[in-house]
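A structural walkthrough
Residue strings, one per chain:
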Amino acid sequence: MELWKNCWNCGHDTPQERVALEFFPRILEMFSKKDDGKVNQRAWSVFYDSYLFAKCRKCSAPSLFVDEYWTQTTSTEESKLISEEVKANGVSKSGNLVHSLNYPAFSKNPFPQWTHDLEETYMVLFWEVYQATALGLNSLAMMGIRTIVDKYASDKIGDIGGFEKKLNALLESKIVSSDQHALLKVVVDAGSASAHRGYKPSNKHLKSCLQIIEHLISVEKFGDVINEIKQATPKRTHNN
Ligand SMILES: [Zn+2]
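Since we're looking at a predicted model, the values are computed, not measured.

Following the sequence through the fold, S79 ends up in helix 1 (residues 76-89). Looking at S79, its side chain comes within polar contact range of the main-chain oxygen of T76, at 3.0 Å.

As C-alpha coordinates, this is what we get:
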(Lines give C-alpha, C1' and ligand atoms only; values in the text may rest on other atoms or scores of the structure.)
Protein backbone atom coordinates (compact mmCIF):
# COMPACT_ATOMS: atom_id res chain seq x y z
CA MET A 1 0.00 0.00 0.00
CA GLU A 2 1.32 3.44 -1.00
CA LEU A 3 2.10 5.67 1.97
CA TRP A 4 0.61 9.19 1.73
CA LYS A 5 1.71 11.95 4.11
CA ASN A 6 1.90 15.73 4.04
CA CYS A 7 5.09 17.00 2.41
CA TRP A 8 6.24 20.36 3.82
CA ASN A 9 8.00 21.20 0.55
CA CYS A 10 5.15 20.30 -1.83
CA GLY A 11 2.60 21.78 0.57
CA HIS A 12 0.12 18.90 0.32
CA ASP A 13 -0.20 15.12 0.77
CA THR A 14 2.18 13.18 -1.46
CA PRO A 15 3.25 9.53 -1.79
CA GLN A 16 6.19 8.89 0.53
CA GLU A 17 9.04 6.41 0.55
CA ARG A 18 9.58 4.81 3.95
CA VAL A 19 13.24 5.24 4.98
CA ALA A 20 12.98 4.00 8.58
CA LEU A 21 10.27 3.09 11.07
CA GLU A 22 10.74 2.77 14.83
CA PHE A 23 8.40 2.30 17.78
CA PHE A 24 8.92 3.41 21.33
CA PRO A 25 6.72 3.11 24.45
CA ARG A 26 6.49 6.17 26.66
CA ILE A 27 5.09 6.54 30.17
CA LEU A 28 3.28 9.77 30.90
CA GLU A 29 2.05 11.11 34.21
CA MET A 30 -1.51 12.44 34.11
CA PHE A 31 -3.52 14.13 36.83
CA SER A 32 -6.95 15.48 37.66
CA LYS A 33 -7.51 18.75 39.53
CA LYS A 34 -9.68 19.75 42.47
CA ASP A 35 -11.96 22.80 42.45
CA ASP A 36 -9.30 24.82 44.24
CA GLY A 37 -6.85 24.12 41.40
CA LYS A 38 -4.66 21.69 43.39
CA VAL A 39 -3.80 18.26 42.02
CA ASN A 40 -6.44 15.70 42.98
CA GLN A 41 -5.19 12.39 41.70
CA ARG A 42 -2.21 11.19 39.73
CA ALA A 43 -2.21 8.32 37.27
CA TRP A 44 0.16 6.82 34.76
CA SER A 45 -0.58 6.15 31.16
CA VAL A 46 1.39 4.35 28.48
CA PHE A 47 1.77 5.81 25.02
CA TYR A 48 3.08 3.76 22.15
CA ASP A 49 4.63 6.07 19.56
CA SER A 50 5.62 5.40 15.98
CA TYR A 51 8.52 7.31 14.41
CA LEU A 52 8.47 7.26 10.64
CA PHE A 53 11.29 8.82 8.66
CA ALA A 54 10.13 9.21 5.07
CA LYS A 55 11.04 10.87 1.78
CA CYS A 56 8.59 12.52 -0.61
CA ARG A 57 8.46 10.60 -3.90
CA LYS A 58 7.76 13.82 -5.81
CA CYS A 59 10.41 16.23 -4.51
CA SER A 60 12.64 13.97 -2.32
CA ALA A 61 12.20 16.19 0.78
CA PRO A 62 12.70 14.16 3.98
CA SER A 63 10.31 14.36 6.97
CA LEU A 64 9.85 12.74 10.35
CA PHE A 65 6.30 11.77 11.32
CA VAL A 66 5.56 10.93 14.94
CA ASP A 67 2.20 9.40 15.82
CA GLU A 68 1.26 9.08 19.49
CA TYR A 69 -1.04 6.17 20.40
CA TRP A 70 -2.60 6.01 23.83
CA THR A 71 -2.87 2.42 24.97
CA GLN A 72 -5.72 1.19 27.18
CA THR A 73 -3.66 -1.60 28.68
CA THR A 74 -0.03 -2.28 29.33
CA SER A 75 -0.23 -5.58 27.45
CA THR A 76 2.27 -6.15 24.69
CA GLU A 77 -0.58 -7.49 22.50
CA GLU A 78 -1.95 -4.00 22.04
CA SER A 79 1.38 -2.43 21.10
CA LYS A 80 2.14 -5.38 18.81
CA LEU A 81 -1.11 -4.82 16.93
CA ILE A 82 -0.37 -1.09 16.59
CA SER A 83 3.11 -1.80 15.14
CA GLU A 84 1.74 -4.36 12.68
CA GLU A 85 -0.96 -2.00 11.43
CA VAL A 86 1.44 0.93 11.11
CA LYS A 87 3.93 -1.27 9.22
CA ALA A 88 1.20 -2.36 6.80
CA ASN A 89 -0.80 0.87 6.34
CA GLY A 90 1.25 3.73 7.78
CA VAL A 91 -1.37 4.21 10.49
CA SER A 92 -3.06 2.01 13.13
CA LYS A 93 -6.85 1.82 12.85
CA SER A 94 -7.42 -0.05 16.11
CA GLY A 95 -4.95 2.10 18.09
CA ASN A 96 -6.12 5.27 19.81
CA LEU A 97 -4.24 7.97 17.87
CA VAL A 98 -4.16 11.05 20.09
CA HIS A 99 -1.64 13.29 18.39
CA SER A 100 0.46 13.51 15.25
CA LEU A 101 3.56 15.60 14.75
CA ASN A 102 5.66 16.17 11.69
CA TYR A 103 9.10 17.68 11.38
CA PRO A 104 10.06 19.96 9.87
CA ALA A 105 6.88 22.02 9.81
CA PHE A 106 8.31 24.54 7.33
CA SER A 107 5.97 26.46 5.18
CA LYS A 108 6.94 28.23 1.97
CA ASN A 109 4.83 31.22 2.88
CA PRO A 110 3.99 31.05 6.57
CA PHE A 111 2.42 34.51 6.73
CA PRO A 112 0.01 36.02 4.20
CA GLN A 113 1.67 38.48 1.82
CA TRP A 114 -0.65 41.35 2.77
CA THR A 115 0.67 41.33 6.36
CA HIS A 116 4.18 42.28 5.12
CA ASP A 117 2.94 45.81 4.38
CA LEU A 118 1.38 46.38 7.79
CA GLU A 119 2.76 48.74 10.39
CA GLU A 120 5.37 46.74 12.33
CA THR A 121 3.36 46.33 15.56
CA TYR A 122 0.37 44.89 13.66
CA MET A 123 2.65 42.72 11.53
CA VAL A 124 4.37 41.19 14.57
CA LEU A 125 1.05 40.64 16.36
CA PHE A 126 -0.48 38.90 13.33
CA TRP A 127 2.61 36.74 12.84
CA GLU A 128 2.62 35.64 16.47
CA VAL A 129 -1.10 34.84 16.23
CA TYR A 130 -0.41 32.71 13.11
CA GLN A 131 2.47 30.94 14.88
CA ALA A 132 0.40 30.26 18.00
CA THR A 133 -2.45 28.96 15.79
CA ALA A 134 -0.08 26.62 13.94
CA LEU A 135 1.21 25.24 17.26
CA GLY A 136 -2.33 24.62 18.55
CA LEU A 137 -1.94 27.33 21.23
CA ASN A 138 -5.52 28.48 20.65
CA SER A 139 -5.98 30.40 23.91
CA LEU A 140 -2.82 32.43 23.31
CA ALA A 141 -3.83 33.06 19.69
CA MET A 142 -7.25 34.24 20.85
CA MET A 143 -5.66 36.64 23.35
CA GLY A 144 -3.42 37.94 20.55
CA ILE A 145 -6.48 38.57 18.38
CA ARG A 146 -8.07 40.57 21.20
CA THR A 147 -4.85 42.60 21.48
CA ILE A 148 -5.03 43.43 17.76
CA VAL A 149 -8.61 44.70 18.23
CA ASP A 150 -7.43 46.75 21.22
CA LYS A 151 -4.62 48.32 19.21
CA TYR A 152 -6.95 49.03 16.29
CA ALA A 153 -9.50 50.75 18.57
CA SER A 154 -6.84 52.76 20.44
CA ASP A 155 -5.29 53.92 17.16
CA LYS A 156 -8.67 55.08 15.87
CA ILE A 157 -10.28 56.68 18.88
CA GLY A 158 -7.57 56.80 21.55
CA ASP A 159 -7.16 54.82 24.75
CA ILE A 160 -10.49 55.87 26.25
CA GLY A 161 -11.11 52.91 28.58
CA GLY A 162 -12.33 49.33 28.45
CA PHE A 163 -13.27 47.32 25.37
CA GLU A 164 -16.98 48.08 25.58
CA LYS A 165 -16.33 51.83 25.56
CA LYS A 166 -13.86 51.54 22.72
CA LEU A 167 -16.10 49.38 20.52
CA ASN A 168 -19.08 51.69 21.11
CA ALA A 169 -16.93 54.70 20.21
CA LEU A 170 -15.87 52.97 16.97
CA LEU A 171 -19.53 52.47 16.11
CA GLU A 172 -20.60 56.00 17.08
CA SER A 173 -17.77 57.49 15.02
CA LYS A 174 -18.95 55.35 12.08
CA ILE A 175 -15.49 53.75 11.84
CA VAL A 176 -17.18 50.33 11.95
CA SER A 177 -20.68 49.35 10.86
CA SER A 178 -23.17 47.85 13.31
CA ASP A 179 -22.49 44.39 11.76
CA GLN A 180 -18.74 44.84 12.30
CA HIS A 181 -19.37 46.11 15.82
CA ALA A 182 -21.36 42.95 16.65
CA LEU A 183 -18.59 40.74 15.22
CA LEU A 184 -15.84 42.58 17.08
CA LYS A 185 -17.79 42.23 20.31
CA VAL A 186 -17.88 38.44 19.82
CA VAL A 187 -14.13 38.40 19.11
CA VAL A 188 -13.30 40.52 22.17
CA ASP A 189 -15.56 38.44 24.43
CA ALA A 190 -13.86 35.24 23.23
CA GLY A 191 -10.42 36.82 23.79
CA SER A 192 -11.40 37.95 27.30
CA ALA A 193 -12.71 34.47 28.11
CA SER A 194 -9.31 33.05 27.06
CA ALA A 195 -7.44 35.66 29.10
CA HIS A 196 -9.52 35.41 32.27
CA ARG A 197 -11.60 32.24 32.26
CA GLY A 198 -9.39 29.57 30.70
CA TYR A 199 -11.41 29.35 27.48
CA LYS A 200 -9.69 27.35 24.74
CA PRO A 201 -11.48 28.04 21.45
CA SER A 202 -11.89 25.26 18.88
CA ASN A 203 -9.86 25.54 15.66
CA LYS A 204 -13.02 26.47 13.79
CA HIS A 205 -13.98 29.29 16.17
CA LEU A 206 -10.42 30.60 16.29
CA LYS A 207 -10.24 30.66 12.49
CA SER A 208 -13.52 32.60 12.28
CA CYS A 209 -12.30 35.21 14.79
CA LEU A 210 -9.02 35.50 12.89
CA GLN A 211 -10.89 36.03 9.62
CA ILE A 212 -12.97 38.82 11.18
CA ILE A 213 -9.90 40.85 12.16
CA GLU A 214 -8.03 39.97 8.95
CA HIS A 215 -10.88 41.59 7.02
CA LEU A 216 -10.95 44.59 9.32
CA ILE A 217 -7.21 45.29 9.15
CA SER A 218 -6.67 44.32 5.50
CA VAL A 219 -9.36 46.81 4.41
CA GLU A 220 -7.32 49.56 6.12
CA LYS A 221 -4.36 48.71 3.95
CA PHE A 222 -6.35 49.58 0.84
CA GLY A 223 -6.99 53.16 2.04
CA ASP A 224 -4.19 54.66 -0.10
CA VAL A 225 -5.06 52.55 -3.13
CA ILE A 226 -8.73 53.61 -2.88
CA ASN A 227 -7.72 57.27 -2.86
CA GLU A 228 -5.48 56.69 -5.89
CA ILE A 229 -8.33 55.00 -7.77
CA LYS A 230 -10.68 57.85 -6.80
CA GLN A 231 -8.23 60.41 -8.18
CA ALA A 232 -7.65 58.47 -11.37
CA THR A 233 -11.32 57.73 -12.11
CA PRO A 234 -12.78 60.25 -14.64
CA LYS A 235 -15.64 62.20 -13.10
CA ARG A 236 -19.20 61.57 -14.33
CA THR A 237 -20.45 64.23 -16.69
CA HIS A 238 -24.19 63.68 -17.24
CA ASN A 239 -25.88 60.51 -16.16
CA ASN A 240 -23.35 58.05 -17.61
ZN1 LIG B 1 7.40 16.82 -1.71
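On to the UniProt feature "domain: DUF4145" (unreviewed entry) in the protein. Those places that UniProt annotates as "domain: DUF4145" (unreviewed entry) correspond, in this numbering, to residues 129-214. Measuring from the first to the last C-alpha atom of residues 129-214 gives 11 Å, for a span that is 79% helix and 0% strand.

Once that is clear, we can look at the packing of helix 2 (residues 120-134) against helix 3 (residues 138-157). As a packed pair, helix 2 and helix 3 sit with axes 8 Å apart at the nearest point and diverge in direction by 160 degrees. Relative to helix 3, the element helix 2 is oriented roughly antiparallel. Here helix 2 and helix 3 pass one another in a crossing that is left-handed. Packed against helix 2, whose contacting residues are T121, Y122, L125, F126, V129, A132 and T133, the element helix 3 presents N138, L140, A141, G144, I145, T147, I148, K151, Y152 and D155 at the interface. Looking at the contact of helix 2 with helix 3, its residues break down into 10 nonpolar, 5 polar and 2 charged.

Where helix 4 (residues 163-172) is concerned, the buried positions are F163, K166, L167, A169 and L170. The buried side chains of helix 4 occupy one side of the element, clustering within an arc of 160 degrees when seen end-on. Exposed side chains of helix 4 directed beyond 90 degrees from the buried face belong to E164, K165 and E172. Buried-residue contacts for helix 4 involve helix 3 and helix 5 (178-197). In the stretch just after helix 4, K174 is the one whose phi turns positive, near 60 degrees.

Conventions used here
- Residues numbered from 1 in each chain as written.
- Predicted model: local features only at pLDDT ≥ 70, side-chain atom pairs only at ≥ 80, totals over all residues.
- Heavy atoms only, no water.
- Helix = DSSP H or I, 4+ residues; strand = E, 2+ residues; numbered from the N terminus.
- Polar contact = N/O pair within 3.5 Å; in protein donor to acceptor, adjacent residues only side chain to side chain.
- UniProt positions renumbered as here; feature names shortened; annotations may be inferred.
- Axes fitted to C-alpha atoms, helices over the stretch in contact; angles between N-to-C directions.
- Parallel < 35°, antiparallel > 145°, perpendicular 65-115°, else oblique.
- Left-handed = near helix turned anticlockwise from the far one by under 90°.
- Contact = heavy atoms within 4.5 Å.
- Nonpolar A, V, L, I, M, F, W, Y, C, P; charged D, E, K, R; others polar.
- Buried < 20%, exposed > 50% of the residue type's maximum accessible area, 1.4 Å probe, protein only.
- Arc of directions from axis to C-beta.

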